[in-house]
Amino acid sequence: MEREWNKIISLNGGQANAFEELICQNAMSECEPNFKEFERVGTPDGGVECYWICKDNSEWGWQAKYYETLGASEWNSIKTSLFDAVETHPQLSKYFICVPHNLSDSRRGKKTQKSIWEEYKKKWTTEITAKGRSIELVLWNSRLYNSL
């Protein structure tokens, strides 16, 4: 079941702020044995809304993008946030990109949102690796919030 995120109640002046807060609350409730300290970030955010510092001092970061669709400008904004996070969080090892919908995946020879995501993920991972970093990119979408 996909959520109707266009009906999310505004927080601090907008639905995007409410979505960010929901993402941060979900991230804070993640239960990993290696987590040590949770940080919620204000604006400007340096590419992450929040992050967990792990016992080995690596970091897992979350970035919320409240977009109805994912076109070229939205993907560019996601990339900008990702590379800001790479720059501002030198210990970042895992990065969650959170969007309020599931990606299309018709698998009928058409370019779908899922295939575009996979292309960007591969390209960005290669670019990050070229900078001497290793960061796992994870997409959080609507299907992850079915229990809410």
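Residues numbered from 1 in each chain as written. Predicted model: local features only at pLDDT ≥ 70, side-chain atom pairs only at ≥ 80, totals over all residues. Heavy atoms only, no water.

**Structural notes on the confidence of the model for the protein chain**
Regions with low pLDDT should not have their predicted coordinates read in detail.
No. 1: For the protein chain, mean pLDDT is 86; residues scoring 70 or higher make up 86% of the total.
No. 2: Element-level mean pLDDT values for the protein chain span from 87 in helix α1 (residues 15–28) up to 97 in helix α2 (residues 72–88). (pLDDT = per-residue confidence, 0-100. Helix = DSSP H or I, 4+ residues; strand = E, 2+ residues; numbered from the N terminus.)

**Quick notes on the pattern of salt bridges**
No. 1: Summed over all chains, the structure comprises four salt bridges.
No. 2: Note that Glu127 is salt-bridged to Lys79, the shortest N-O span being 3.5 Å. Taken together, the residues span a long stretch of sequence, with Glu127 in helix α3 (residues 113–130) and Lys79 in helix α2 at a distance of 48 residues.
No. 3: Owing to a relative accessible area of 24%, Glu127 belongs among the partly exposed residues under this scheme.
No. 4: One salt bridge in this structure joins Lys94 and Glu136, with 3.8 Å as the shortest N-O distance. Taken together, the residues span a long stretch of sequence, with Lys94 in strand β4 (residues 92–98) and Glu136 in strand β5 (residues 136–140) at a distance of 42 residues.
No. 5: Accessibility expressed as a relative area gives 16% for Lys94, which makes it buried. (Salt bridge = Lys/Arg side-chain N within 4 Å of Asp/Glu carboxyl O. Buried < 20%, exposed > 50% of the residue type's maximum accessible area, 1.4 Å probe, protein only.)

**As for unusual backbone geometry**
No. 1: Despite not being glycine, Asn57 shows a phi value in the positive range, around 70 degrees.
No. 2: Mapped onto the fold, Asn57 is located in the loop between β2 (50–54) and β3 (59–64).

**Some details on the packing of α2 against α3**
No. 1: It is the contact of α2 with α3, at a shortest axis distance of 12 Å, that shows an interaxial angle of 30 degrees. One finds that α2 runs roughly parallel with respect to α3. At the point where α2 passes α3, the crossing takes the right-handed sense. Of the residues in α3, those touching α2 at Trp75, Ile78, Lys79, Leu82, Phe83 and Val86 are Gln113, Ile116, Trp117, Tyr120, Trp124, Glu127 and Ile128. (Axes fitted to C-alpha atoms, helices over the stretch in contact; angles between N-to-C directions. Parallel < 35°, antiparallel > 145°, perpendicular 65-115°, else oblique. Left-handed = near helix turned anticlockwise from the far one by under 90°. Contact = heavy atoms within 4.5 Å.)

**Digging into the nonpolar core**
No. 1: Grouped together as the largest cluster of nonpolar side chains are 23 residues, with contacts concentrated most on Leu82, Tyr95, Trp117 and Trp124.
No. 2: Looking at this core, the elements with two or more residues in it are β2, α2, β4, α3 and β5.
No. 3: In terms of residue count, α2 provides more of this core than any other element does, six residues in total.
No. 4: Setting aside chain neighbours within four positions, we find Leu82 in contact with Tyr95, Trp124, Ile128 and Leu137.
No. 5: Phe19, Ala27, Cys50 and Trp140 belong to the second-largest nonpolar core, a separate cluster that totals 16 residues. (Core = buried A, V, L, I, M, F, W, Y, C linked by side-chain atoms within 4.5 Å.)

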